[in-house]
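Chains, contacts and geometry: an overview
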Amino acid sequence: MKSLASGWTGASQRRLGRAGLAVVAAALLAALAGCASAEQTTEASNDAFKPVTQDASSTITVWADSTRLDAVKAYQSSHPQAKLNVVTYDGGADGSTYLQTKVQLFDRTGSGWPDVVFAPPVDLTWASRPTTPGKVPFAAPLDGLVDQKLLDGFATGSLAPCQFNGHTYCMRNDLAQVVLWYNKKLMDKFGYTVPTTWEQYEALGEKVASEHPGYFIGSVGDTNAHESYFWASQCPAFNLVKDSTLRVALQDPKCTRMATLLDKLIANKSVSTEAFFSAGYAKEHGSKTLMAFGPSWYGQYLFNNAFKVPAGEIAASNPLSWEGESQTFTGNVGGGTWVVSSHSKNLKAATDLVTWLTTSNDYQSGAPTYPAYSPAAEAWLKNPANSDYFADDITPAFTTAAGQVWTGWSNVKFSDQTAWSSVVLPALTEGKTLTETLPAWQQAISDEAKSDGYTVVNQ
Amino acid sequence: MTSLDIRGAAPAADPIGRRTSVRRPAAGGLAGYLFVSGYVVLLLAFGVFPTGYAAYLALTNDRGQFTGLGQFVKVVQDFRFLPAFGDIVVYLVLWLVLLVVLSVGAAVILRGRMRPGLSATLRFLFYVPGALAGIASVLVWLFMLDPSVSPVGWLISAAGFGNFAAVLAPGNLPVILVLIAFWAGAGGWMVVMYGALNNIPDEVIEAARIDGAGPWRTAWSVQIPMIKKWIAYMTILAFAAGTQIFVEPQLLQTASLGRVSPTWSPNQLAYLYAFQKGDFNGAAAISIFLLVLGLACAGVLVTRSGLFTVDDNE
């Protein structure tokens, strides 16, 4: 191989080699010793909200999930002058981050934001802050746009996920307070009384396992089952102590008591590890579901739609309490919010739509889920269409539970479902117990929290 | 006489054009540049520029300051980084071995041991799943693997998987993804390998037979060495596609109600960095890791197989 260097002496080649090495080493050192931090900027902007130039005649784009599509259509027919462009999207179901993904992109391109979106509460943790420094947070503060009296009418604590830095960034559409659902017809047939405490629930599970094997009193297999069981047990799994300090302490007695109880019931097969919402469960065991500790929307969406249990069999009872504890707490599974974009050119139309959707009896009294706005909730409970399906009056259970949602399970920047469904559920399917899996679950939540900038406390 | 002199046979096997050893003119003139210009523009716009931009992002932070290797160090320390790369290593080993062995094996059998009509029909059938888009083929497999709706549900249940969740246990994922990839992709490669085998002149096979080589001996010592470059080419492309696996685990994640990790593959992790954390710089650093991995594999295979060697001066 002939090269330009062929005339050079060996020594000069070696010298060149050494020089080259030195250059490479220096470059590497410079690169490593370098330079600015690779961490993301996290400063929050405290600037007052400045709307973009308004155009009262512009069309507003609305993103809603398929369940809420009818609500927007109802608004359109009662407000024919409103100019809406309605788009259906997944609405953040099952931990989808579609909205966040899109807003990140719109923030980069500087256009394309929808004016109004239906979003799960977890989305407010990023929507109330800038996605990158210098950007305007996606959610517009509603406290200056909506009458304070209306905001005061929401159920106690239901606007908590919307609030950040003293502003309210969303209006809660529905509550998803957890109650004890049961099949009254089956319970009567078997001669069982509905439990009121967790101890009674456990005892009933043992009874069902021996007397009526094949029947279930609950399932832990869904992506949100922990929000029913561990939230109601006041387990500090996602407990924001300060703004950026998260307490993830799954060895707390309030976590282990629930894990022990469920392990016993999973072992005797009265609690299923298969998801209620999987095709297999509905087909095989839907009609053999004696009880389900789950959110207020289970009645229609689980028993009526998925399990196809005939009307007049299902009833709801108050959340379960622990013996020796004076106060009863329950969980919450979902419950959507409506958010107005801070980039909207027609804030008036957008705010009007959101206000109507969340507070108007015209729509909320017939809404598919339990309204968060208290006057609308009353109207909802009075509407026979919402209670016809059930064997008993659901009002006492729903109103009791609405005021019992434990506030120690915080709305954090990451989905509380990822660790549960991708770490705990596969372990349960493999046959491991919940108690055994708690450390792995704690680790997974802590890892996620740390990568999102939280300081994690495991005690 | 058992061994065949492959090197002696090779020049004769080269495609037409090389056999007559026509020398290329030193300069192609304007026409050549004109013909490649269209591709070069697209390559620059959608290949080179985005790669350069990713490299720029990977070396800076969201304020545009130079961070050196900071972004790379940051993503390597992420608790999801090593598991994600571990996942695709297992997947790639399974997938590449299966792809090379089965697609070459099937092509050899289709070429030499089957009536032409049947062989053509089978090649067509093998190719059909490849005509489905990636997403559609994942959906097909979601139904196939869910015991409660699958037409072969009894088989899955008999194998000890009572429900869909059990099928999707983390340990089974590489196998499931290999099944999907093989079903959708291997048929096309069988057709390509068949075409490569067609390029071997009949005289060479004839000579092997006269020398006493049976079908397996012919395949192992004559046919496969002569399509070595095509195999290397297939491996490079399959490796690159495999390291970038995204759609399949992403869809399984949604369909399994979250039982599959949302950061199973490095590409999903990059996606999470970019679109959930808003950290485009970290995402770019992960993509540079994938690029380096792909280039290293391609480099080894290209030099080992002589893929880019031009036979002009033989």
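To keep things clear, this report deals only with the structure shown in the data block. What you see is a predicted model, and the numbers here were worked out from it, not measured in a lab. (Residues numbered from 1 in each chain as written. Chains lettered and ligands numbered in written order. Predicted model: local features only at pLDDT ≥ 70, side-chain atom pairs only at ≥ 80, totals over all residues. Heavy atoms only, no water.)

**Overview of the overall build of chain B**
Looking only at helices and strands, chain B features 15 helices and 0 strands. When burial is assessed residue by residue, chain B has 41% of its 314 residues classed as buried. Intrachain contacts of chain B at a sequence separation of at least 6 include 68% that bridge at least 24 residues. Accessible surface for chain B amounts to roughly 16700 Å². Of this, 70% is attributable to carbon and sulfur atoms. (Helix = DSSP H or I, 4+ residues; strand = E, 2+ residues; numbered from the N terminus. Buried < 20%, exposed > 50% of the residue type's maximum accessible area, 1.4 Å probe, protein only. Contact = heavy atoms within 4.5 Å. Areas by Shrake-Rupley, 256 points an atom, 1.4 Å probe, with all protein chains shown as cover.)

**Details of the sheet that holds strand β15 (residues 455-457) of chain A**
Residue and element names in this part refer to chain A. Here 3 strands make up an open sheet; going across it, the order is β9-β10-β15 and the pairing mixed. Every interior strand has two partners, whereas the edge strands, β9 (239-242) and β15, have only one. In this sheet, adjacent strand axes meet at a mean angle of 35° when their direction is disregarded. Where β9 lies against strand β10 (residues 245-247), 3 bridges are found, and the strand directions are antiparallel. (Pairing = 2+ DSSP bridges. Axes fitted to C-alpha atoms, helices over the stretch in contact; angles between N-to-C directions.)

**Some points on a nonpolar patch on the surface**
Residue and element names in this part refer to chain B. Together, Val36, Tyr39, Val40, Leu43, Leu44 and Val48 line one region of the surface with nonpolar side chains, adding up to about 520 Å² of accessible area. Residue position: Leu44 is located in helix α2 (residues 29-58). Since its relative accessible area comes to 46%, Leu44 is described here as partly exposed. (Patch = residues over 30% accessible without salt bridge, like charges linked within 9 Å, V, L, I, M, F, W, Y side chains within 5 Å. Salt bridge = Lys/Arg side-chain N within 4 Å of Asp/Glu carboxyl O.)

**Let's talk about the packing of helix α9 (residues 173-198) of chain B against helix α13 (residues 247-255) of chain B**
Residues and elements named next belong to chain B. Where α9 contacts α13, the axes come no closer than 10 Å and their chain directions differ by 120°. Compared by their axis directions, α9 and α13 come out oblique. Our pair here, α9 against α13, has a crossing hand that is right-handed. On the side of α9, the interface is formed by Leu173, Ile176, Leu177 and Ile180, while α13 contributes Glu248, Pro249 and Leu252. For the contact of α9 with α13, the residue count by class is 6 nonpolar, no polar and 1 charged. (Parallel < 35°, antiparallel > 145°, perpendicular 65-115°, else oblique. Left-handed = near helix turned anticlockwise from the far one by under 90°. Nonpolar A, V, L, I, M, F, W, Y, C, P; charged D, E, K, R; others polar.)

**What about the state of the cysteines?**
Residue and element names in this part refer to chain A. Scanning all chains against the criterion turns up 2 disulfides over all chains. Disulfide pairing is shown between Cys162 and Cys170; the S-S distance is 1.8 Å. Judged by the torsion about the S-S bond (-80°), the Cys162/Cys170 disulfide is left-handed. On the basis of relative accessibility, which here comes to 1%, the residue Cys162 falls in the buried class. Between the sulfur of Cys235 and that of Cys255 lies a disulfide, 2.1 Å long from S to S. Between Cys235 and Cys255, the disulfide has an S-S torsion of 90° and is therefore right-handed. Here Cys255 lies in helix α9 (residues 253-267) and Cys235 lies in the loop between α8 (225-232) and β9, a separation of 20 residues in the sequence. On the basis of relative accessibility, which here comes to 0%, the residue Cys235 falls in the buried class. For chain A, the bonded cysteines pair up as 1-2, 3-4 when numbered in the order they occur along the sequence. (Disulfide = S-S within 2.5 Å.)

In short, the description is geometric, and any link to function would need to be established separately.
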